[in-house]
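What follows is each chain in one-letter form.
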Amino acid sequence: MKKILLISVVVVFIAAFLVFGISSQRNIQYDPKNVETWFDNNNVIFLTDAEQVRKGMAYGRVIKLIGKANRQVGSGFTMIQYNCDNGQKMTIWLDYAEDRRDPWIVEAIKIE
C-alpha cells in the first residue's frame, strides 16, 4: 500500500512540474529589450490568423494576435519564424524604430 501511495505522489508531482513548467514559458511577459521573452517553442498558429499580421505592426501587437514566435532564423537578429498548423512557416523581418515604446516593427512577411 505504501508503494502505491508513493508512486501516486511521484506521478502527481511529475505531472504538475510538466504542466506548470511548460505553461510558465508561455506566461513570460514580452519585453522589447529582452530577446529571451520573445519566443515560445510550443506555439503553433493557424494560417488564417497568420494572415492578420501586417507590415508596420509592432511585434507586441503581433504577439497579442498570434502569440510569440517559435524561433529566430537567419543570420540577422531581426528575423523570426512561426510554425503554422498546416506545416508551413511564417517568417517575419523586424525593423528597429528607436522612437517607439515597442521599437520592433514588422518590415516584411513571408509564408511558405
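Counting restarts for each chain: residues are numbered from 1 in the order of the written sequence. Local features in this predicted model are restricted to residues whose pLDDT is 70 or higher, and side-chain atom pairs enter the listing and the counts only when it is 80 or higher, whereas totals over whole chains, interfaces and linings include all residues. Side-chain measures here rest on the full set of heavy atoms in the structure, leaving out hydrogens and waters.

### Description of the overall build of the chain
Strands here are runs of E lasting at least two residues and helices are runs of H or I lasting at least four, both read from the DSSP assignment and numbered beginning at the N terminus. Helix and strand counts for the chain come out as 3 helices and 5 strands. Ordered by position from the N terminus, the helices and strands of the chain form the series α-β-α-α-β-β-β-β. Residues counted as buried form 32% of the 112 residues belonging to the chain. Contact criterion: two residues are considered in contact whenever any of their non-hydrogen atoms come within 4.5 Å of each other. Within the chain, contacts between residues separated by at least 24 positions form 46% of all contacts whose residues are at least 6 apart in sequence. Calculation of accessible area relied on Shrake-Rupley with a 1.4 Å probe; when residues are assessed, cover is drawn exclusively from the protein chains displayed. Surface summary for the chain: the accessible area is close to 7,700 Å², and the carbon and sulfur share equals 59%. Relative accessible area decides the class of each residue, using a 1.4 Å probe on protein chains only: under 20% of the type maximum gives buried, over 50% gives exposed, and in between gives partly exposed.

### Quick word on the nonpolar core
Judged by nonpolar contacts, the single largest core of 20 residues is most densely connected at Tyr59, Val62, Tyr82, Met90 and Ile92. Taken together, the elements giving at least two residues each to this core come down to helix H3 (59-66), strand E3 (79-84), strand E4 (89-96) and strand E5 (104-111). Broken down by element, this core gets its largest block of residues, 4 residues, from H3. Discounting residues that sit within four places of it in the chain, Met90 has contacts with Ile45, Ala50, Val53, Ile66, Ile80, Gln81, Tyr82, Cys84, Ile109, Lys110 and Ile111. In plain words, nonpolar cores are sets of buried Ala, Val, Leu, Ile, Met, Phe, Trp, Tyr and Cys residues tied together by side-chain atoms within 4.5 Å.

### What to know about the environment of Asp31
Secondary-structure assignment places Asp31 in the loop between helix H1 (2-26) and strand E1 (44-45). Residues Asp31 and Asp102 lie 71 residues apart in sequence; the distance between their C-alpha atoms is 8.6 Å. Apart from the residues within four sequence positions on either side, Asp31 is in contact with Thr37 and Trp38.

### Some remarks on H3
Inspection of H3 places Tyr59, Gly60, Val62, Ile63 and Ile66 among the buried residues, and these make up the whole buried set. Take H3 and look down its axis: the buried residues cluster within an arc of 155°, on one side only. Positive phi shows up at Gly67, right after H3, with a value of about 90°. In this description, one arc is meant: the one made by directions from the helix axis to the C-beta atoms.

### Quick notes on the environment of Lys33
When you line up the elements, Lys33 lands in the loop between H1 and E1. Using a relative accessible area of 81% as the deciding quantity, one classes Lys33 as exposed. Put simply, Lys33 and Asp102 are 69 residues apart on the chain and 8.9 Å apart in space, counted from C-alpha to C-alpha.

### Remarks on the pairing of E4
Note on pairing: two strands pair once DSSP finds at least 2 bridges between them. As paired elements, E3 and E4 share 5 bridges and run antiparallel to each other. When the sheet's bridge partners are listed, Tyr82 is paired in E4 with Met90. Counted between consecutive antiparallel strands, the loop separating E3 from E4 contains 4 residues, among which Gly87 sits at a positive phi close to 95°. The pairing of E4 with E5 spans 7 bridges and is classified as antiparallel. The residue of E5 that forms the bridge with Met90 is Ile111.

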